[in-house]
Amino acid sequence: MKRYVRIQYGLQSCYAEEADGYLELLTGTVPGNFCRTGLRIDPSQVTRFLPPVLPGKKILGIGRNYNRPEFTPEDIPKVPKVFLKSSSAIVCDGEAIVLTPMNEDVIAEPEIAFLIGKDGSHIPEERAMEYVAGYLVVNDVTDRALLKQDGGEWTRGKSTDTFLPMGKYLVADIDGADLCVACQVNGTEVVSGNTADLIFPIPRLVSFISHFMRLEAGDIVMTGTPRGPMIHPGDRVRVTVEHVGEIENPVVFCGENWNL
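In what follows, the accompanying structure is described.

Its location among the elements puts Met-222 in strand 18 (residues 220–222). By relative accessible area, Met-222 is classed as buried at 1%. Each C-alpha atom of the pair Met-222 and Asn-139 lies 9.3 Å from the other, and the pair is 83 residues apart in sequence. Leave out the neighbours within four places in its chain, and Met-222 touches Ile-59, Leu-60, Gly-61, Ile-62, Phe-83, Lys-85, Glu-111, Ile-112, Ala-113, Val-138, Asp-140 and Leu-164.

Written out as structure tokens, the structure reads:
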């Protein structure tokens, strides 16, 4: 297993690999083109840990992608339900999820996501994992009331600022097909699932998306959530993915300068 982070070190931003308690600085933008610099630094020298995704790249999500005991055959999607989420929603571990007077019914969605490592279109399923560079943990925060208000259009409910907490680690050389995904709210576990229960597993998602949208190195695909617990101002939300990492974020309310 390899763990990569994207960091601000002095005036530059770059990726680094954890090794023996140090961080080795890398050049390149995805694991497939990383080159070692030979320069190791102590984590205390890092100015800031940055989200693994590069700004401007696509973030895609998958809706209703976990089997649940209460599902009937009619509840199972025939094809993956794909949506886009704005990279401007990203916040780091420890930063706040900010709710405003617009938000009425907000849930956390613990998920494993994967990073695309090279460009590709019309990718056959049997070769799909060649395009997956690594995994990360995300919280696809969603306002269900806004989804309903907008008639099923998901932009406001999904891409509100701060609605995408993202872990700092990009983890490569692991199998994402059987990993526990969990969520705690205020220290109590409220969601537990496993990627073995994905309706559309990761190779299928890569192939399906690539047949209508070119995947590019640096794109992120979120795989869906086992369940989504409600969250409120004052809560602390912790999302974990086995072998990948964790994120914890406070939920706050801000009504200042609100005039809608």
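Spatial ordering of the open sheet is given by 9-20-19-16-17, a layout of 5 strands whose pairing is mixed. If you trace the sheet from one side to the other, it starts and ends with strand 9 (97–99) and strand 17 (188–194), each paired once. Between one strand axis and the next, the sheet turns by 20 degrees as a mean value, whatever way the strands run. Where strand 19 (residues 236–241) lies against strand 20 (residues 245–253), 6 bridges are found, and the strand directions are antiparallel. Along strand 20, the bridge assignment pairs Thr-240 with Glu-246.

Right, let's talk about the state of the cysteines for a bit. Inspection of every chain in the model, using the stated rule, returns 0 disulfides. In this structure Cys-14 is a free cysteine whose sulfur lies 13 Å from that of Cys-35, the closest cysteine sulfur available. Summary of cysteine pairing: Cys-92 is not part of a disulfide, and the nearest cysteine sulfur, belonging to Cys-14, is at 15 Å.

Rules and cut-offs
- Residues numbered from 1 in each chain as written.
- Predicted model: local features only at pLDDT ≥ 70, side-chain atom pairs only at ≥ 80, totals over all residues.
- Heavy atoms only, no water.
- Helix = DSSP H or I, 4+ residues; strand = E, 2+ residues; numbered from the N terminus.
- Buried < 20%, exposed > 50% of the residue type's maximum accessible area, 1.4 Å probe, protein only.
- Contact = heavy atoms within 4.5 Å.
- Pairing = 2+ DSSP bridges.
- Axes fitted to C-alpha atoms, helices over the stretch in contact; angles between N-to-C directions.
- Disulfide = S-S within 2.5 Å.

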